[in-house]
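Chain by chain, the residues:
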Amino acid sequence: MRIALDDFGSGHSSLSLLTELPLDVVKLDRSFLREGIQDTARGALLRNTIRLARDLDLATVAEGVEDAGMLQRLQELGCEYAQGYHVSRPDYLEDLLALRT
């Protein structure tokens with residue numbers, strides 16, 4: 001079993017949670033990505049959050065990836081996983097399970 005901290009970067013996310021909880025994964029909220037892939041202050045936050053997660057041996061998942069450019073930039077920053085419409089539209093569990101066979 002793996003434990004993920006969901007929606008990191010939105011609301012009142014606390015950096016201390018990254019060391020206080022027995023986490024394996026940090027899921028970066030889609031609002032964190034909107035401007036984060038550009039060279040802005042939010043971009044610096046995104047880059048350094050991915051770096052911090054890596055330094056703490058935590059995997060990162062970017063939520064809300066909607067185009068190839070965003071996916072490529074996240075890969076360049078070292079984000080291991082992505083979810084969003086660019087990767088796949090929502091699907092029924094039965095259909096996804098059928099892909100495994």
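Bear in mind that the values here come from a model prediction, so they are computed numbers and not experimental data. Per chain, residues are indexed from 1 in the order of the written sequence. Predicted model: local features are reported for residues with pLDDT of at least 70 only, side-chain atom pairs are reported and counted for 80 or more only, and whole-chain, interface and lining totals are derived from all residues. Each side-chain value is derived from all of the structure's non-hydrogen atoms; neither hydrogens nor water enter the calculation.

## Considerations on the pattern of salt bridges
What counts is decided by this rule: The working definition used for a salt bridge is a side-chain nitrogen of Lys or Arg within 4 Å of a carboxyl oxygen of Asp or Glu. The helix and strand labels rest on DSSP assignments: H or I over at least four residues marks a helix, E over at least two residues marks a strand, and numbering proceeds from the N terminus. Each residue is assigned to one of three classes by its accessible area relative to the maximum for its type, calculated with a 1.4 Å probe on protein chains only: buried under 20%, partly exposed between the two thresholds, exposed over 50%.
In total, this model carries four salt bridges according to the counting rule given. Across the pair Glu63 and Lys27 runs a salt bridge whose closest N-O atoms are separated by 3.6 Å. Remark: Lys27 occurs in strand S2 (residues 25-28) and Glu63 occurs in strand S3 (residues 59-63); sequence separation between them is 36 residues. Accessibility classification places Glu63 together with Lys27 in one group, the buried group. As a salt-bridge pair, Glu66 and Arg30 come within 2.4 Å of each other at their nearest N and O atoms. Taken as a pair, Glu66 in the loop between S3 and helix H4 (68-77) and Arg30 in helix H2 (residues 30-33) lie far apart in primary sequence, 36 residues in all. For Glu66, a relative accessible area of 42% translates into the label partly exposed.

## Overview of the environment of Asp57
Relative to the helices and strands, Asp57 is located in the loop between helix H3 (41-55) and S3. Each C-alpha atom of the pair Asp57 and Glu94 lies 33 Å from the other, and the pair is 37 residues apart in sequence.

## Looking at the pairing of S3
Rules: Pairing between two strands requires that DSSP report at least two bridges joining them. A crossover counts as right-handed when, viewed with the strands pointing away from the observer, the path leading from the first strand over the helix to the second turns clockwise.
Across the five residues of S3, five count as buried, placing the element largely inside the fold. Going residue by residue along S3, you find Ala59, Val61 and Glu63 tucked away on one face and Thr60 and Ala62 tucked away on the opposite face as well. Where S2 and S3 come together, four bridges link them in parallel fashion. Bridge pairing links Val25 to Ala59 in S3. As paired strands, S3 and strand S4 (residues 81-83) are joined by three bridges and run parallel to one another. Considered in S4, the bridge of Ala62 is made with Ala82. Chirality of the crossover, the property in question, places the unit of S3, H4 and S4 among those that are right-handed.

## Side note on H3
The following threshold applies: Helix span, expected: 1.5 Å multiplied by one less than the number of residues in the helix. In this description, one arc is meant: the one made by directions from the helix axis to the C-beta atoms. Between two residues, a contact is recorded if the distance between any of their heavy atoms is within 4.5 Å.
Over its 15 residues, H3 runs 21 Å from end to end, which matches the ideal 21 Å to within 8%, given 1.5 Å per residue. Considered for burial, the residues of H3 that qualify are Gly43, Leu46, Thr49, Ile50 and Ala53. For H3, the angular spread of buried residues about the axis comes to 130°, placing them on one side. Across from the buried face of H3, at angles greater than 90 degrees, the exposed residues are Ala41 and Asp55. Looking at the buried positions of H3, the neighbouring elements they touch are strand S1 (4-8), S2, H2, S3 and H4.

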